[in-house]
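Here is how the chains run, residue by residue.
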Amino acid sequence: SAVISQKPSRDICQRGTSLTIQCQVDSQVTMMFWYRQQPGQSLTLIATANQGSEATYESGFVIDKFPISRPNLTFSTLTVSNMSPEDSSIYLCSVETGINNEQFFGPGTRLTVL
Amino acid sequence: AQSVTQPDIHITVSEGASLELRCNYSYGATPYLFWYVQSPGQGLQLLLKYFSGDTLVQGIKGFEAEFKRSQSSFNLRKPSVHWSDAAEYFCAVPRAGSYQLTFGKGTKLSVIP
């Protein structure tokens, strides 16, 4: 398994601003993922972040809006840029353990945009 | 494309009663299958997983799930529900040839004392 922490746990932001969310893992992992969970909804994958390469974004998500960094095998950041109220969601990072697609999730960052 | 269907949006059970949450999948081959639980205000916790072999898998917190290929189902069960089981439950399957997971829409479980 893996222990994952996220910062901040929650934030309230003004529209037009940006927020950077950090994800820290207690062990080295190749694959990290960022998900969005809109209120009352399931999880939607934003992007896959592999160390040493550009993040791969899912349809409907673009790098300008959600830039991602992956500087090493234990850390990643997701920035939500130029925020609007529609960006109010829980953002979760996860890691793939390398064993049969098993993923472990961080506790999430609850973002509210006013 | 792979898909996961959780037909029940919301289920309410009495504490001590048995529970079954349904999950149906669409997949070209025998998939890996996962159940996750999300307690209020929390992230997702892996309850159990199916990779191969025994079709009845045991998980944490007294949960089990049965893989039925003929029905394309992976239903989650618990013989006696506790109030602390109130949460949202998600079934997930990997996309073919990748590590990304596709999640169902989730089933919210409420427990009546």
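The shown structure was predicted, so the numbers you read here are calculated from the model rather than taken from an experiment.

**Student:** Help me understand the packing of aromatic side chains, please; the structure alone is not making it clear to me.
**Tutor:** One pair of aromatic rings is described through two measures. These are the centre distance and the angle between the planes. All names here are of chain A. For the structure on display, the rule yields 15 aromatic pairs over all chains. Ring geometry for phenylalanine 66 and tyrosine 91: centres 6.5 Å apart, planes at 45°, overall tilted. With phenylalanine 66 in the loop between strand E6 (56–57) and strand E7 (68–72) and tyrosine 91 in strand E9 (residues 89–96), the pair connects residues that are 25 residues apart, well separated along the chain. Exposure remark for phenylalanine 66: the relative accessible area of 3% places this residue in the buried category.

**Student:** Got a minute to help me understand the sheet that holds E7(A) in this structure?
**Tutor:** Sheet strands line up and pair through hydrogen bonds in the backbone, either parallel or antiparallel. Residue and element names in this part refer to chain A. One open sheet accounts for 4 strands, arranged E1-E3-E8-E7; its pairing is antiparallel. In this open sheet, the two edge strands, each paired with only one partner strand, are strand E1 (4–7) and E7. Averaged over neighbouring strand pairs, the angle between their axes works out to 15° when direction is ignored. Here E1 runs beside strand E3 (residues 19–25); their pairing, made up of 4 bridges, is antiparallel. Looking at E3, one finds that serine 5 is bridged to glutamine 24.

**Student:** Help me understand the interface of chain B and chain A in this model?
**Tutor:** How big an interface is tends to be expressed through the accessible area that disappears when the partners come together. Listed as interface residues are 21 residues of chain B and, on the opposing side, 22 residues of chain A. Across the chain B/chain A interface, buried area totals approximately 1700 Å², and carbon plus sulfur atoms make up 54% of it. Where chain B packs against chain A, one counts 2 salt bridges. Its salt-bridge partner being Lys49(B), residue Glu102(A) comes within 3.5 Å of it at the nearest N-O pair. Counting the contacts that link chain B with chain A gives 7 residue pairs in polar contact (both at pLDDT 80 or more). Residue classes in the side of chain B that touches chain A are distributed as 11 nonpolar, 7 polar and 3 charged.

**Student:** Explanation requested: the state of the cysteines in the structure shown.
**Tutor:** Disulfide: a covalent bond connecting the sulfur atoms of a pair of cysteines. This structure, assessed with the given rule, holds 2 disulfides over all chains. With a sulfur-sulfur separation of 2.0 Å, Cys23(A) is cross-linked through a disulfide to Cys93(A). When the S-S torsion is 70°, as for the bridge of Cys23(A) with Cys93(A), the disulfide is right-handed. Placement of the pair is Cys23(A) in strand E3 and Cys93(A) in strand E9, with a sequence separation of 70 residues. Side by side, Cys23(A) and Cys93(A) carry an identical accessibility label, which is buried. Sulfur-sulfur distance for the disulfide between Cys23(B) and Cys91(B) comes to 2.0 Å. Taking the sign of the torsion about the S-S bond as the criterion, the disulfide between Cys23(B) and Cys91(B), at about -65°, is left-handed. Of this pair, Cys23(B) sits in the loop between strand E3 (19–21) and strand E4 (24–26) while Cys91(B) sits in strand E10 (residues 87–94), placing them 68 residues apart in sequence.

Criteria and cut-off values
Residues numbered from 1 in each chain as written. Chains lettered and ligands numbered in written order. Predicted model: local features only at pLDDT ≥ 70, side-chain atom pairs only at ≥ 80, totals over all residues. Heavy atoms only, no water. Phe/Tyr/Trp six-rings, centres within 6.5 Å; stacked < 30°, edge-to-face > 60°. Helix = DSSP H or I, 4+ residues; strand = E, 2+ residues; numbered from the N terminus. Buried < 20%, exposed > 50% of the residue type's maximum accessible area, 1.4 Å probe, protein only. Pairing = 2+ DSSP bridges. Axes fitted to C-alpha atoms, helices over the stretch in contact; angles between N-to-C directions. Contact = heavy atoms within 4.5 Å. Buried area = accessible area lost by both parts, 1.4 Å probe. Salt bridge = Lys/Arg side-chain N within 4 Å of Asp/Glu carboxyl O. Polar contact = N/O pair within 3.5 Å; in protein donor to acceptor, adjacent residues only side chain to side chain. Nonpolar A, V, L, I, M, F, W, Y, C, P; charged D, E, K, R; others polar. Disulfide = S-S within 2.5 Å.

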